[in-house]
Amino acid sequence: MSLTAQTYWAEHALLDTGVEPGVVIETAADGRITAVRRGTPAPPPGAVSLRGITLPGLANAHSHAFHRALRGATQAGEGTFWTWREVMYRVADRLTPDNYFALARAAYAEMALAGITSVGEFHYVHHLAGGARYDNPNAMGEALIAAAAEAGIRITLLDTCYLSSGFGAEPDKHQRRFSDGTAERWAERVSALKGDDNTRIGAAVHSVRAVPAEQLGTVAAWAQERDAPLHVHLSEQTAENDACVEAHGFTPTALLAHHGVLGPRTTAVHATHLTPGDIRLLGHSGTGVCMCPTTERDLADGIGPAPALQEAGSPLSLGSDSHAVIDLFEEARAMELNERLRSRTRGHWSSAALLRAASADGHAALGWDGAGSISPGALADFTTVALDSVRTAGPPPALAAETAVFAATNADVRDTVVGGRHIVRDGNHQLVADVAVELARAIAAVRD
Ligand SMILES: [Zn+2]
């Protein structure tokens, strides 16, 4: 996706060894880093200067792009997860390939401005409202792929199998456009999607509510045959756990394990309400867990057992999910700070570990194994956070990682480079002229 080789000079950079001053990053036309040189106090001639702390590009491992249209509306009044879902479905009803492209392009541009270089799009609005297929049955998914390309970030399209309104019940009137009828028909449709340098195709099980147990294996096998990422919403709500135990006599985690859904290519999203046995099943199978703290707190879901999951063997990633905000620094610190409030102890993760969840482990969960490190051979995906804003000025550069995680916001992101291309330059998106205007226009087109 990169056009030419480029040399960048980072005032400070977070390398695998820690924060270093004066780092030259050479990128090649194939979009990878070819050389990293430390101890270069000034930019070499022709180099692009990146002032602040340059971090590996951030990974937003769980997104539903259209939920961006609900910002603000979700927060008015009270309600529960389930009443929020009704509002969300009204927006889903209005989506078309054209208006979803415009909305996703603007939301992904917002992500680029927040330092995000790859997004995991958990995509289930496949068909026409009512359930009929588009002439191109992948019109919606391809709109999302095109949106990410135009916004300049990588996408893993996690094409989602969603067949039932709950444990075998028919989809309701909103959900018909999500359903392919059977997992086999889902697999047939998804097999026609193609990845490229900017795009990976992955699979998702919406939840144990939405895919009948006897069809879970079909989705898992599709992902396994292609060595593709497989994501699943897991135990966000206790009501789902109760209904699953009643229907199957298993917790959702145990049901997924029984049908071959867990494993190192799998990411469980939320994993909020787990038993000790669930934590063992997830950790011992190497299943990753994506925490979405700003959404989980917005929807009053609860706090998932992230430290226990990590200790059991689950890599952790982060996602903005409902896009209450799009700020991976906020997700990262929220994971740590939630745990502090719950445990009344500090220091569950270092800043470097939190950034690893926000970057390398998130990219890996999306199938971008070569991202998340500023080192030769890695994808040339990185982002620069200002250290001279009102939020970040003051701390010494040696504490730049702590400053980024615990004080910076998306507003401090100054530059974003994806595959060697300078997508965000000095806070301005280079491909989408006015992201705020595009967001307002795209959201007005799909709201009541
Ligand atoms: Zn979700």
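Residues numbered from 1 in each chain as written. Predicted model: local features only at pLDDT ≥ 70, side-chain atom pairs only at ≥ 80, totals over all residues. Heavy atoms only, no water.

Caption draft 1: Quick peek at the sheet that holds strand β2 (residues 18-27). In spatial order, the strands read β3-β2-β1-β4-β13-β14-β15-β16; together these 8 strands make up an open sheet with mixed pairing. The strands lining the two open edges of the sheet, one partner per strand, are β3 (33-37) and β16 (428-429). For strand β4 (residues 48-56) and strand β13 (residues 382-385), the ladder comprises 4 bridges, and the chain directions are antiparallel. Within β13, the position partnered with Ile-53 by the bridge is Val-385. (Pairing = 2+ DSSP bridges. Helix = DSSP H or I, 4+ residues; strand = E, 2+ residues; numbered from the N terminus.)

Caption draft 2: Broad picture of the coordination of the zinc ion. All of the protein donors around the zinc ion are His-62 (NE2), His-64 (NE2), His-233 (NE2) and Asp-321 (OD); their distances to the metal are 2.1 to 2.8 Å. Coordination at the zinc ion is irregular, judged from the 4 donor atoms that bind it and the angles of 84 to 172° they form at the metal. Along the chain, the residues that donate to the zinc ion are spaced as H-x1-H-x168-H-x87-D. Of the two residues, His-62 sits in strand β5 (residues 58-63) while His-233 sits in strand β9 (residues 230-234), which places them 171 residues apart along the sequence. Using a relative accessible area of 0% as the deciding quantity, one classes His-62 as buried. (Donors = N, O, S within 2.8 Å, 3.2 Å for Na, K, Ca; no water. Tetrahedral: all angles 85-135°; square planar, octahedral: opposite > 155°, others 65-115°. Buried < 20%, exposed > 50% of the residue type's maximum accessible area, 1.4 Å probe, protein only.)

Caption draft 3: Up close: the pattern of salt bridges. All chains considered together, the criterion is met by 21 salt bridges. Among the salt bridges present, the one from Arg-226 reaches Glu-225, with a minimum N-O distance of 3.5 Å. Looking at Arg-226, the relative accessible area reads 40%, which means it is partly exposed. What makes Glu-225 exposed here is its relative accessible area of 63%. (Salt bridge = Lys/Arg side-chain N within 4 Å of Asp/Glu carboxyl O.)

Taken by themselves, the reported measurements are silent on function.
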